[in-house]
Structure formats: C-alpha cells, structure tokens
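This is what each chain is made of:
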Amino acid sequence: FGISVSNEPGSGPRRFTAPAVVDHHVHLGLVDWRALVGSPLGEVHDLGWDPSEIDRIGDELAPDVRVRRVGPFHTAPGGYPSGRSWAPAASIVAIESPDDATRAVVAAAARGAHGVKIALNAAMPLLTDAALRALIDGAHGAGLRALVHAEGPGQAERAIAAGADVLVHTPWTEALGEESLRRAAGSGMVWISTLAIHEGAALETALDNARRYLALGGSMAYGTDMGNGDLPVGLNAREVQLLGRAGLTGAALHAALFSVDPRDADTLSHSTPLPDTADALAEWLATATRRSTTPTGESA
C-alpha cells in the first residue's frame, strides 16, 4: 500500500492519506453490519457463517465494503461450534473422513470461497489427523488457504504441523513451543490478531505468543472477531493498540492493518501524518475522513 500527501494547488489545507483498513476476522451474521458503511474498513473477511446469508450481506454492503468469505466451519461431528446458540446449522459442515474433506473443499471452491475454515477445539470432538490433513491439502490443491480456529492444548501446534496457512486467532490457551513458532514463521503462516477479545491471563498468553512469533519473523494481520461479544462494529481501537503491545510499529504495523487493493488507495485522509505507533494510529484512524465510494458494479 502507499501513504501519500495531497498538496495540489487549490486543494485547500494539506491532507495526508492512507488506504482503507481490512478486518481479517468478522462474523457479519452476528452484528449490525450496516454500521460498517462509512467506517475506516474497506474490506472484511467473514470467517464462518451460512454462505447464502453472507452472499446477501455482501451484495448489500458493496461497493462501500467488500466482503470475502470462507463459508461454513469444517469440524468433527459434534465439534466446535456445534450446539452453540449463535451458530446456524448451515454454518457447520461435519467432516468424519478424508473423503468428506475432499467433498467439502470442492463445494467451498465452487461457491467462490477465499479459504477453508477449519475448527479445532480440544473441549469438543476433534477432527482426526487424516481428516485435518485432507482439508488442508485439499484447500491447497484448490488454490485456497486453510484457516484454522485452534483452541486448547496442542491444537495450534497440530495446525502448524499439518501445514495450515492461517491461525484465525493468536494462540491464547497455552504458550507455544519455540520449534512450532519457528516452523510457523518459516512457512509464512499468518496469525490474525483478535487480541481484544481477551482479558487477564488469556490476553497475556496471547501477547507473549505474538511477541515471540514476531521476533522470529512471523506475520500478523489485524482482525477482531467482530460478533464475538460486545465489540465495536467498525474500527476496533483497542485491537490496534494491542498490536502495538505485541510489538508492531511503523511499516509492519501499517501492513497488518491497511488494504493493498488499489481500489482502497487514499480512502482515508487526515490533517496529520500517519503515525508509526499503535496508540497514535488508533486515534488517527478514529478521526480520519473517509472519501465516498464510487459504485463499480462489481459484486462483493
């Protein structure tokens, strides 16, 4: 992405501009998504819902906010998030065997999903190693990313060992071992932050994992898990601030937040330069002006 300065004759006071923000982890079916219009967000990634419902929401939000979606959670029979009151039946696909995994990936690719969401929660039934590997390998074969919700002892390390591309939460239930961190960083795995959903010990564990991962060259992306509890619909200033506590500053902080899509260039403007620190950047984003979106006729 690029940061630029508007300084043309007759343009009025000098303005500093930046691209729109991308939230890499949302659940639009759980929020008043209309509040995203006019926010600093230009793109959101829905990571688990009824595919037809997310398609409808995406059509309504376009072109102000683009919606990329993975469709349903792929989980073991009875696995997370089965039985959760917030999870509609169409948001869950049970995977019992590698053959089930192959069929599910084919269906995801046919729907135009941008990835395959996989759920591992040690408190509930878990995918077998063979089914997990089939989902990840199948996603890669279809040109899709494998995005894993990993919760509980050993589950993040399982995802890393199996070759997942994304952890949709910074691991928070246990400290990861150095070998797993190195393997993840070396593979180019992205961790979506979602730090602001935590408090107390869980937050400190997540921050410690994040700091050690970043120190090894790991990549993180801004994501909030919007829809999980009482989180802002739009920019989450606390999430930005916690990226700073994890160790992100300057260009690395900007890369975690801002869109690289050319359509999002110069979306946000402000009277002051873009800050390099998280606390100042959160304030800058909260007070930036968003330019209006010109309809393109493209679907989300």
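Rules behind the numbers
- Here, residues in each chain are numbered from 1, in the same order as that chain's written sequence.
- Residues qualify for local features only when their pLDDT is at least 70, as the model is predicted, and side-chain atom pairs are given and counted only at 80 or more; totals for whole chains, interfaces and linings, by contrast, use all residues.
- Side-chain numbers come from the whole structure's heavy atoms, not from hydrogens or water.
- For the purposes of this entry, the term helix denotes a DSSP run of H or I that reaches at least four residues, the term strand denotes a run of E that reaches at least two, and both are numbered from the N terminus.
- Restricting the calculation to C-alpha atoms gives the radius of gyration, and the globule rule supplies 2.2 Å times the number of residues raised to the power 0.38.
- Classification of residues uses two cut-offs on accessible area relative to the type maximum, computed with a 1.4 Å probe and protein chains only: under 20% is buried, over 50% is exposed, and between them is partly exposed.
- Whether two residues are in contact is decided by their heavy atoms, any of which lying within 4.5 Å being enough.
- Only the protein chains shown count as cover for residues, and the accessible areas themselves come from Shrake-Rupley with a 1.4 Å probe.
- Note on pairing: DSSP must find at least two bridges between two strands before they are called paired.
- Structural elements are reduced to axes, namely lines fitted to C-alpha atoms, with helices fitted over the stretch in contact, and the angle between N-to-C directions of any two is expressed from 0 to 180 degrees.
- The scheme is simple: roughly parallel for angles under 35 degrees, roughly antiparallel for over 145, roughly perpendicular for 65 to 115, oblique for anything else.
- A crossing counts as left-handed when the near helix is turned anticlockwise from the far one by less than a right angle, and as right-handed when that turn is clockwise.
- Throughout, the ten residues Ala, Val, Leu, Ile, Met, Phe, Trp, Tyr, Cys and Pro are labelled nonpolar, Asp, Glu, Lys and Arg are labelled charged, and all others, Gly among them, are labelled polar.
- Identification of polar contacts relies on pairs of N or O atoms within 3.5 Å, with a donor-acceptor requirement for protein atoms, meaning one able to donate a hydrogen and the other able to accept it, and with residues adjacent in sequence counted only if both atoms are side-chain atoms.
- Within this document, salt bridges are pairs made up of a side-chain nitrogen of Lys or Arg and a carboxyl oxygen of Asp or Glu, the two lying within 4 Å of each other.

**Q** Teacher, can you tell me more about the overall build of the protein chain here?
**A** Counting its secondary structure elements, the protein chain contains 9 helices and 14 strands. Expected size for 300 residues packed as a compact globule is a radius of gyration near 19 Å; at 19 Å, the protein chain falls within 12% of this value. On the principal axes, the C-alpha backbone points of the protein chain span a range of 65 × 45 × 35 Å. Here the protein chain holds 300 residues, and 52% of them are scored as buried. Contacts in the protein chain between residues at least 24 apart in sequence constitute 63% of all its contacts with a sequence separation of at least 6. For the protein chain, the accessible surface area stands at approximately 12300 Å², while carbon and sulfur atoms represent 51% of it.

**Q** Hey, could you run me through the sheet that holds strand β7 (residues 92–94) in this one?
**A** Strand order in the open sheet made by the 7 strands is β7-β6-β8-β9-β10-β11-β12, with parallel pairing throughout. A strand with exactly one partner marks an edge of an open sheet, and here the two such strands are β7 and β12 (219–221). As judged from the 7 bridges shared by strand β8 (residues 115–121) and strand β9 (residues 145–151), these two strands associate in the parallel manner. By the bridge assignment, Ala 119 is partnered in β9 with His 149.

**Q** What exactly am I supposed to notice about the packing of helix α3 (residues 129–141) against helix α4 (residues 155–162) here?
**A** For the pair α3 and α4, interaxial distance at closest approach is 10 Å and the crossing angle is 55°. One element, α3, and the other, α4, form an angle in the oblique class. Helix-helix and strand crossings are classified by hand; for α3 and α4 the assignment is right-handed. Residues Asp 129, Leu 132, Arg 133 and Ile 136 of α3 lie in contact with α4, whose contacting residues are Arg 158, Ala 161 and Ala 162. Broken down by class, the residue content of the contact of α3 with α4 amounts to 4 nonpolar, no polar and 3 charged.

**Q** Just to check I follow, could you spell out the side chain of Ser 180 for this structure?
**A** With respect to the element layout, Ser 180 can be found in helix α5 (residues 178–187). With a relative accessible area of 16%, Ser 180 lands in the buried category. A polar contact of 3.3 Å, which involves the side chain of Ser 180, links it to the side chain of Glu 157. Ignoring sequence-local partners within four residues, the contact set of Ser 180 consists of Glu 157 and Ile 160.

**Q** Which parts of the structure should I look at to understand the pattern of salt bridges?
**A** Side chains that differ in charge, positive against negative, can pair when their charged atoms come close. Summed over the entire model, instances satisfying the criterion amount to 15 salt bridges. For Arg 56, the salt bridge goes to Glu 60, with nearest N and O atoms at 2.7 Å. With Arg 56 and Glu 60 both in helix α1 (residues 51–61) and 4 residues apart, this pair spans about one turn of that helix. Its relative accessible area of 35% is what places Arg 56 among the partly exposed residues. A salt bridge links Arg 103 to Asp 100; its shortest N-O distance comes to 2.6 Å. Placement of the pair is Arg 103 and Asp 100 together in helix α2 (residues 98–111), with a separation of 3 residues, close to one helical turn.

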